[in-house]
Amino acid sequence: MTTAAVKPATMAQALQRAMRDAMAEDPTVHVMGEDVGTLGGVFRVTDGLAKEFGEDRCTDTPLAEAGILGTAVGMAMYGLRPVVEMQFDAFAYPAFEQLISHVARMRNRTRGGMAMPITVRVPYGGGIGGVEHHSDSSEAYYMATPGLHVVTPATVEDAYGLLRASIASDDPVVFLEPKRLYWSKAKWSPDAPAAVEPIGRAVVRRSGRSATLLTYGPSVPVCMEAAQAAEAEGWDLEVVDLRSLVPFDDETVCASVRRTGRAVVVHESTGFGGPGGEIAARVTERCFHHLEAPVLRVAGFDIPYPPPMLERHHLPGVDRVLDAVARLQWEAAS
Amino acid sequence: MTVQELPGSAAAAYRPTPPPAWQPRTDPAPLLPDAEPYRVLGTEAAASADPELLLRLYAELVRGRRYNAQATALTKQGRLAVYPSSTGQEACEVGAALALEDRDWLFPSYRDTLAAVARGLDPVQALTLLRGDWHTGYDPHVHRVAPLCTPLATQLPHAVGLAHAARLKGDDVVALAMIGDGGTSEGDFHEALNFAAVWNAPVVFLVQNNGFAISVPLAKQTAAPSLAHKAVGYGMPGRLVDGNDAVAVHEVLGEAVARARRGGGPTLIEAVTYRMDAHTNADDATRYRADSEVETWRAHDPIQLLERELTDRGLLDDEGRQAAAQAAETMAANLRERMNADPVLDPMDLFAHVYGRQTAQLREQAALLRAELDAEEEAR
Ligand SMILES: Cc1ncc(C[n+]2csc(CCOP(=O)(O)OP(=O)(O)O)c2C)c(N)n1
Ligand SMILES: [Mg+2]
């Protein structure tokens, strides 16, 4: 296939294609959730799956998240590979009991006898003008639960590759989809998908020598823009897209920070008790002697997600990233 | 060795004692809903309906329909972030509001701003959540309306708890909780109904069965004979009512509220109605339902049903119709005007109400935002 023939695809389409290909290859893959069938999901990510594979393979469930995930556990026990959709971040909370008490620890409880090959897809994050309960970044809860993988794509290519890898994983994956990137586009062809990388590898999105921005999901484009803007200030920023929060790629992250000597963690989730605390601690523990400045965090404020008319004040944007970079003790270096 | 093989009198000694006779704890028969949704309009019973009530309901329905149309228009103009319309469901919304006394409490969902407005809430305050300038635009205590609730069914246990607390305190307060058909599948629905029945709480559950949970039809939601039948399993009465018959809704809700108030316990009411518009302005209903189905329901419109009755009885003429329309228009014009003004926002409010006493950490973050805003202002 020539590059000229490759049409732009959205992240939503790449995710749909990942499920479609997984379902075509593996008859044990079942998609289930609220409105995923006839409607194709409120974000159209499951568009066409019920039509192509039938309602037994792509099922509109009763409206109950605990029931959706709980029955997925039973289906997995009997050899199926459920891919469940939670309609929005904050509507996954009724499923917490099943996730924390069963999905995450079944392998451990049964000494490896019973795995939970379940993918829980969760649209997350803000920036879409959603009213309350539609914009949470809940990754810290999931990260704090041993037994769960936590994966989040930032590009169209990764959306496909990471979702394929997640569905193929024998361990449960909370797959966080940055909803404001659903309509982001890239020239990407499902006929020549990027190699499916194993879960747990970060990637350097932009190389630079001055400092490293450690980020993921919806904040990756923000950091790329910040790196671009930083050039004018004379900073050459490296951007690392973590892609997987659990497992965490210490190797790629630390290699970058050792090279640049400075790091800022950027995410939408709250700062206090948020993912950035863990990341900054790991980097400090491993790279202390290479650091020219403390690892800083740029995060959402420690507040319930604001209403749409105020969300721009909450979301970490380019300016806040640049302000943090400016505070990386450059005077000491000269 | 089996009992039968035992010789003579010894066999009796080995026979297990029969269990005590089993009695149902509650006789299920009186709890069962009618086979058909209860109706007044178009039946003989309509003739004895109080003219004053009919006219009041009519005025409220016309106003409610206009309110829905105005909010929908404002959404198209970008003045609301989203609007889940209750067009076609006005009889339930208005009925819920009128069933309650001032001291009672209403627990609405995101679709029930009309019920809140009919209860006396300022429409702009009721629409704050959907405009997007704050989450709840009113003090819940003023009109005893709990915050509009979006996480489905989670408001139901709250209603039960409030009703229980009121009873413990000796207040004759009733709580009315509103929920959709889809929401009845959630675990919180089950837990709330069970608590309500076990505690004999003065609470009424109003399920508006409007046929859909976004795209999912009721058939995929439940295999129960009706949602009202679920009541029986909890030991409370279930009532099935035509949700487009404002008089029937008013009567059934009134009875349930009165029963709760006199200590008779909770009731589950299923009002059968139809969501005439898409789930919200962001939804495309043509993907999952036929226009012909919508048309069938248009012929069973709550306003038309009532208007026919009023006209037949000579209680409404063109003048009366116009007066109702005019009153609705005045409300709409006022709403339009007020919603077309940009709300005054203070970004510092982000930190104002997270805790009763702000933490040192939040003060630090507030200072950061303050500095950003000042710099923004200076650059202007
Ligand atoms: C716990 C939870 N899960 C999912 C949603 C997303 N959601 C919002 S409305 C809706 C459908 C609700 O249908 P129904 O209860 O019938 O009420 P209706 O919208 O028809 O009034 C869904 C799935 C939600 N708000 N809360
Ligand atoms: Mg409904």
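Residues numbered from 1 in each chain as written. Chains lettered and ligands numbered in written order. Predicted model: local features only at pLDDT ≥ 70, side-chain atom pairs only at ≥ 80, totals over all residues. Heavy atoms only, no water.

A. Representation of the overall build of chain B in the model. Within chain B, the regular secondary structure consists of 16 helices and seven strands. Overall, chain B is about 105 × 65 × 50 Å in size when its C-alpha atoms are taken along their principal axes. The buried share of chain B, reckoned over its 380 residues, is 49%. With the model as given, the accessible surface of chain B reaches about 17800 Å², and the carbon-plus-sulfur share is 53%. In chain B, 35 positive and 52 negative side-chain charges are present, and the distance between their average locations comes to 3 Å. (Helix = DSSP H or I, 4+ residues; strand = E, 2+ residues; numbered from the N terminus. Buried < 20%, exposed > 50% of the residue type's maximum accessible area, 1.4 Å probe, protein only. Areas by Shrake-Rupley, 256 points an atom, 1.4 Å probe, with all protein chains shown as cover. Lys, Arg positive; Asp, Glu negative; His and termini not counted. Charge placed at Lys NZ, Arg CZ, Asp CG, Glu CD.)

B. Looking closely at the interface of chain A and chain B. On the side of chain B, 41 residues touch chain A, which itself brings 35 residues to the contact. In total, about 3200 Å² of surface goes out of reach between chain A and chain B, with carbon and sulfur atoms giving 63% of it. Contact with chain B buries surface across chain A, with L63(A), E132(A) and M309(A) losing the most and accounting together for 20% of the total. Our enumeration of links across chain A and chain B arrives at five salt bridges. The partner of E55(A) in a salt bridge is K220(B), with the nearest N and O atoms 3.4 Å apart. Per-class residue counts for the side of chain A that touches chain B are 18 nonpolar, seven polar and 10 charged. (Contact = heavy atoms within 4.5 Å. Buried area = accessible area lost by both parts, 1.4 Å probe. Salt bridge = Lys/Arg side-chain N within 4 Å of Asp/Glu carboxyl O. Nonpolar A, V, L, I, M, F, W, Y, C, P; charged D, E, K, R; others polar.)

C. Region of the structure containing the state of the cysteines. Tallied over the entire structure, the rule returns zero disulfides over all chains. Of all cysteine sulfurs in the structure, the one in C287(A) sits closest to C254(A), which takes part in no disulfide; the separation is 3.6 Å. Among the residues examined, C254(A) registers a relative accessible area of 4% and is labelled buried. Free cysteine C92(B): the closest other cysteine sulfur is in C149(B), separated by 19 Å. Look at C92(B) and you get buried, because its relative accessible area is 0%. (Disulfide = S-S within 2.5 Å.)

D. Quick peek at the coordination of the magnesium ion (ligand 2). All names here are of chain B. For the magnesium ion (ligand 2), the full set of protein donor atoms is D181 (OD), N210 (OD1) and F212 (O), at a range of 2.0 to 2.1 Å. Site description for the magnesium ion (ligand 2): donor spacing in sequence, D-x28-N-x1-F. In this pair, D181 sits in the loop between strand 2 (175–180) and helix 9 (187–199) while F212 sits in strand 4 (residues 212–213), placing the two residues 31 residues apart along the sequence. A single burial state applies to D181 and to F212, both of which are buried. (Donors = N, O, S within 2.8 Å, 3.2 Å for Na, K, Ca; no water.)

E. Examining the site of ligand 1 more closely. Inspection of the region around ligand 1 gives 20 residues, with E65(A), Y110(B), R111(B), D181(B) and G182(B) positioned closest. Residues lining ligand 1 come from chains A and B. Within the side chain of N210(B), an N or O atom sits 2.9 Å from an oxygen atom of ligand 1. Starting from 580 Å² of accessible surface for ligand 1 in isolation, the protein chains cover 96%. (Near = heavy atom within 4 Å. Polar contact = N/O pair within 3.5 Å; in protein donor to acceptor, adjacent residues only side chain to side chain.)

F. Representation of the sheet that holds strand 3 (residues 203–209) of chain B in the model. Residue and element names in this part refer to chain B. Judged by pairing direction, the sheet is parallel, and its five strands sit side by side in the order 1-2-3-7-6 without closing on themselves. Each of the sheet's edge strands pairs with one partner strand only, and the pair in question is strand 1 (105–107) and strand 6 (238–242). If you compare each strand with its neighbour and ignore which way they point, the axes differ by 20° on average. In this sheet, strand 3 lies alongside strand 2 in parallel orientation, the contact comprising six bridges. The residue bridging L176 from the neighbouring strand is V204, located in strand 3. (Pairing = 2+ DSSP bridges. Axes fitted to C-alpha atoms, helices over the stretch in contact; angles between N-to-C directions.)

G. Structural view of the domain arrangement of chain B. Along its sequence, chain B is carved into domain 1 (29–340) and domain 2 (347–379). The C-alpha centroid of domain 2 of chain B is placed 39 Å from the C-alpha centroid of domain 1 of chain B. (Domains from an automatic or database assignment.)

H. Quick look at the confidence of the model for chain B. Residues and elements named next belong to chain B. Per-chain confidence: chain B averages 95 in pLDDT, with 97% of residues scoring 70 or above. Of all secondary-structure elements in chain B, the lowest mean pLDDT belongs to helix 1 (residues 10–14), at 63, while strand 3 reaches the highest, 99. As scored by the predictor, the complex reaches a pTM of 0.95 and an ipTM of 0.95. (pLDDT = per-residue confidence, 0-100.)

I. Quick peek at the domain arrangement of chain A. Residue and element names in this part refer to chain A. According to the domain assignment, chain A consists of domain 1 (4–187) and domain 2 (203–333). Domain 1 and domain 2 are separated by 27 Å when their C-alpha centres are compared. On the domain 2 side, the residues contacting the 27 residues of domain 1 number 22 residues. Both sides together, the interface formed by domain 1 and domain 2 hides about 1900 Å², and carbon and sulfur atoms give 60% of it. If you sort the residues of domain 1 by the area they bury against domain 2, M143, T152 and R180 come out on top, with a joint share of 25%.

J. Region of the structure containing the pattern of salt bridges. Evaluation of the coordinates by the stated rule reveals 47 salt bridges over all chains. Here E376(B) ties to R312(A) by a salt bridge, and the two come within 3.7 Å at their closest N and O atoms. On the criterion of chain membership, the pair formed by E376(B) in helix 16 (residues 360–379) and R312(A) in helix 11 (residues 311–314) is interchain, its members lying in two chains. According to the relative accessible area criterion, R312(A) is exposed, its value standing at 54%.

K. Examining the packing of helix 3 (residues 65–77) of chain A against helix 4 (residues 96–103) of chain A more closely. Residue and element names in this part refer to chain A. Their axes nearest at 8 Å, the elements helix 3 and helix 4 cross at an angle of 25°. Relative to helix 4, the element helix 3 is oriented roughly parallel. Residue-level inspection shows A66, L69, G70 and V73 of helix 3 in contact with helix 4, the latter providing Q98, L99 and V103. Across the contact of helix 3 with helix 4, the residue classes break down as five nonpolar, two polar and no charged. (Parallel < 35°, antiparallel > 145°, perpendicular 65-115°, else oblique.)

L. A look at the packing of helix 2 (residues 51–76) of chain B against helix 3 (residues 90–99) of chain B. All names here are of chain B. One can describe the packing of helix 2 onto helix 3 by two numbers: an axis separation of 9 Å at closest approach and a directional angle of 120°. Between helix 2 and helix 3, the angle is such that the two are oblique. In this structure, helix 2 meets helix 3 at a crossing whose hand is right-handed. Along its contact with helix 2, which presents R56, L57, E60, L61, G64, R65 and N68, the element helix 3 presents E90, A91, V94 and L98. (Left-handed = near helix turned anticlockwise from the far one by under 90°.)

M. Focus on the pairing of strand 10 (residues 211–215) of chain A. All names here are of chain A. Burial analysis of strand 10 places five of its five residues in the buried class, which makes it a mostly covered element. With burial as the criterion, each face of strand 10 is covered, one bearing A211, L213 and T215 and the other bearing T212 and L214. Bridge count between strand 10 and strand 11 (residues 237–241): five bridges; the pairing is parallel. Bridge pairing in strand 11 places T212 opposite E238. In this view, the connection linking strand 10 to its parallel neighbour strand 11 by way of helix 8 (residues 219–230) has right-handed handedness. (Right-handed = clockwise from strand over helix to strand, strands pointing away.)

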